[in-house]
Amino acid sequence: MFALEKPAGQPAAGGSGGFPTMASVGDFNVLSSSIPATKVELSVSCRNLLDRDTFSKSDPICVLYTQAIGNKEWREFGRTEVIDNTLNPDFVRKFIMDYFFEERENLRFDFYDVDSKSPNLSKHDFLGQMFCTLGEIVGSQGSRLEKSIVTIKVEVYDWDRDGSHDFIGEFTTSYRELSRGQSQFNVYEVINPKKKGKKKKYVNSGTVTLLSFLIETEVSFLDYIKGGTQINFTVAIDFTASNGNPSQPTSLHYMNPYQLNAYGMALKAVGEIIQDYDSDKMFPALGFGARLPPDGRVSHEFALNGNPQNPYCHGIDGVMEAYYRSLKSVQLYGPTNFAPVINHVARYAASVKDGSQYFVLLIITDGVISDMAQTKESIVNASRLPMSIIIVGVGPAEFDAMEELDGDVVRISSRGKFAERDIVQFVPFRDYIDRSGNHVLSMARLAKDVLAEIPEQFLSYMRVRGIKPSPAPPPYTPPIHVLQTQI
């Protein structure tokens, strides 16, 4: 817990116990008001520090470091006194600093358990550290900042095949210590507290030496989007006869002039979010399970806009328009085959594996899948590609087979090969129908759940392939037009 103390004569804000290894910089006290700097006084309190002593409690000290602007080097600013035998110190010695509103002052508080009179900090047990800025302290409520002390605890075990691993000992370190790499500072005594308490001659249970230290930045879905990765959205709609005659109100494809049917709501809910990540807003829209004019052939991969060479529709509104137009021109038939539309998207995904594009297929269906074996094989093959599959089930049918494709419980397999990644997310639309009839709320809930797994599926592909996000382009700066006049 960190805070700034109030001016003299006023009661200090109390730091009650119960903080999980916290430090606090006491209340704020303006000592002078010279320009351009203001003097501030920092006091430090800690709660629940690590106990590094066997027969007593730690003897803590706080060391403050500052970092100059544009400089990565930390310089020691000062030290508090040592307080004996406590895990909850309220240090008396304060740090008096210059505060500049217009400057960022980085602070680092290191805490040690003092074991001797040596001023060399490496001779003492490190308890943890905390980072903040002076501005954070000044700007916090009541000028009192609370933060957890960062400590890395490492436990060492003797591994046993049956899982009953034997505890050898433990040691603590910090990011700062580890970042020094292989050195005398990164050789740690492994201590078994029970043995240390029982045996007077106990020294340690061995040592651990750091051989290398590597920092890997954890990137997010947004880092790739900022770097230019495009999300390509494809929709595939079930046109099998089990949906019912589109001209009848009982049909899942009923074209109600006053509200969207279940297919339309699912399509709009998911599509309107995904389209924001596609720069050209051109989406392939496919249908399956219908007889097509003029010869009545059954197709499981036809373009809703009637153009198989260019099945793209402009925006989600364009997809909706093509969907309604198809309902008037094709005959609902069957069976319910997923593999053709999955393979359709997979062909495109297979041609772009460098991380510049990622493909999302939305399948909206009403019934039991007819080509389960082929669909499983298609999904297993697609799991190696930059793509994800969302399946939304509409209507009252049982969707047990879809749960199997989802792969959340058991990873999907085909012909003895398991999917490299979980790329399928299935949800039944009926679970999202709002009882009050609020379709906007239903669509929002549906979109949130079906899209929730996409970022992690996306990242899993990038991680497996070792693909890093491209640097984000510099922010756009509009040109400055200088107005020239003559007098």
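Shown above is the structure to which this text applies.
Let us look at the structure shown here.

Cut-offs and rules
Residues numbered from 1 in each chain as written. Predicted model: local features only at pLDDT ≥ 70, side-chain atom pairs only at ≥ 80, totals over all residues. Heavy atoms only, no water. Salt bridge = Lys/Arg side-chain N within 4 Å of Asp/Glu carboxyl O. Helix = DSSP H or I, 4+ residues; strand = E, 2+ residues; numbered from the N terminus. Pairing = 2+ DSSP bridges. Axes fitted to C-alpha atoms, helices over the stretch in contact; angles between N-to-C directions. Buried < 20%, exposed > 50% of the residue type's maximum accessible area, 1.4 Å probe, protein only. Contact = heavy atoms within 4.5 Å.

This paragraph deals with the pattern of salt bridges. Following the criterion strictly, the structure yields 15 salt bridges and no others. Linking K268 and D317 is a salt bridge whose minimum nitrogen-to-oxygen distance equals 3.2 Å. Within this pair, whereas K268 is found in helix α5 (residues 262-274), its partner D317 is found in helix α6 (residues 315-329), the two being separated by 49 residues in sequence. Among the ionic pairs, E301 bridges to R347, the shortest N-O distance being 2.9 Å. Of this pair, E301 sits in the loop between β17 (297-299) and β18 (302-303) while R347 sits in helix α7 (residues 339-350), placing them 46 residues apart in sequence. Through salt bridges that share partners, K153, E155 and E170 make up one connected network.

Once that is clear, we can look at the sheet that holds strand β5 (residues 74-79). Read across the sheet, 4 strands follow the order β5-β4-β7-β8 without closing on themselves; strand pairing throughout is antiparallel. Every other strand in the sheet has two partners, leaving β5 and β8 (125-133) as the edge strands with one partner each. Put simply, the sheet's adjacent strands are angled 25° from each other on average, direction ignored. Across 8 bridges, the pairing between strand β7 (residues 106-113) and β8 is antiparallel. The residue bridging Y112 from the neighbouring strand is F126, located in β8.

Moving on, we get to unusual backbone geometry. Looking along the chain, the bond that leaves P293 and enters P294 is cis, with omega of 5°. Here P294 is to be found in the loop between β16 (290-292) and β17. Put simply, G334 and P335 share a cis peptide bond, and its omega is -5°. With respect to the helices, strands and loops of the structure, P335 is situated in the loop between β20 (331-332) and α7. With a phi close to 55°, K281 is a non-glycine residue in the positive phi region. Residue classification places K281 among the partly exposed residues on the basis of a relative accessible area of 26%. In this model, R415 sits at a positive phi of 50°, which is unusual for a non-glycine residue. With respect to the helices and strands, R415 occurs in the loop between β23 (413-414) and β24 (417-418). The exposure class assigned to R415 is exposed, which follows from its relative accessible area of 73%.

Our focus in this paragraph is the environment of I274. Here I274 is to be found in helix α5. Measuring from C-alpha to C-alpha, the distance between I274 and F233 comes to 6.9 Å, with 41 residues separating the pair along the chain. Among all residues touching I274, those that are not within four sequence positions of it are I231, F233, V360 and L451.

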